[in-house]
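Residue-level structural notes
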Amino acid sequence: TAVINTDLIASISRDNGSNYTAVTLASQGTTGGHTIVTKHDVSLTSASGTSVRYRIKTLNQSASKETRIQAVSLGWS
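Here the structure is a predicted model, which means the values were calculated and not measured.

1. Quick word on the nonpolar core
Where a protein is soluble and globular, its nonpolar side chains tend to be buried together. L8, A10, I12, V23, L25, L44 and V52 form the largest nonpolar core, which has seven residues in total. The element contributing the most residues to this core is strand β1 (residues 8-13), with three residues. The contact partners of A10, leaving out residues within four places of it in the chain, are A22, V23, L25, R55 and I56.

Set out below in structure tokens:
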């Protein structure tokens, strides 16, 4: 099983990927055998721009630890 924020990390950019801000993911439980992780209310004050990008990395993968990303949603307001 992948450990959130160790084996599965996420970051967000608002300047088309030139600078990324790491976010801390939180588990919201499971459904249908899938773990749901979220991050809400991210403040990106260190960079300017409106070209939003996200980046998800899976680390420490092996034959016994294979992480699959099933869906991603990014909202901007």
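So, next bit.
2. Structural notes on the sheet that holds strand β2 (residues 21-23)
Pairing within the open sheet is antiparallel, and its three strands lie in the order β2-β1-β5. One side of each edge strand has no neighbouring strand; the edge strands of this open sheet are β2 and β5 (53-58). Ignoring strand direction, the axes of neighbouring strands in this sheet form an average angle of 30°. Here β1 runs beside β5; their pairing, made up of six bridges, is antiparallel.

Definitions and cut-offs
- Every chain's residues receive numbers from 1 upward, in the order its sequence appears when written.
- In view of the model being predicted, local features appear only for residues whose pLDDT reaches at least 70, and side-chain atom pairs are presented and counted only at 80 or more, with totals across whole chains, interfaces and linings using the full set of residues.
- For side-chain calculations, the full set of non-hydrogen atoms in the structure is used, while hydrogens and water are omitted.
- For the purposes of this section, nonpolar cores are sets of buried Ala, Val, Leu, Ile, Met, Phe, Trp, Tyr and Cys residues that join through side-chain atoms within 4.5 Å.
- When accessible area is computed with a 1.4 Å probe and restricted to protein chains, residues below 20% of their type maximum are described as buried, those above 50% as exposed, and intermediate ones as partly exposed.
- The helix and strand labels rest on DSSP assignments: H or I over at least four residues marks a helix, E over at least two residues marks a strand, and numbering proceeds from the N terminus.
- Should any heavy atoms of two residues lie within 4.5 Å, those residues are counted as being in contact.
- Any two strands between which DSSP finds at least two bridges are classified as paired.
- Geometry is summarised by axes, namely lines fitted to C-alpha atoms with helices restricted to the contacting stretch, and by angles between N-to-C directions that run from 0 to 180 degrees.

Honestly, it's all geometry; don't read function into it.
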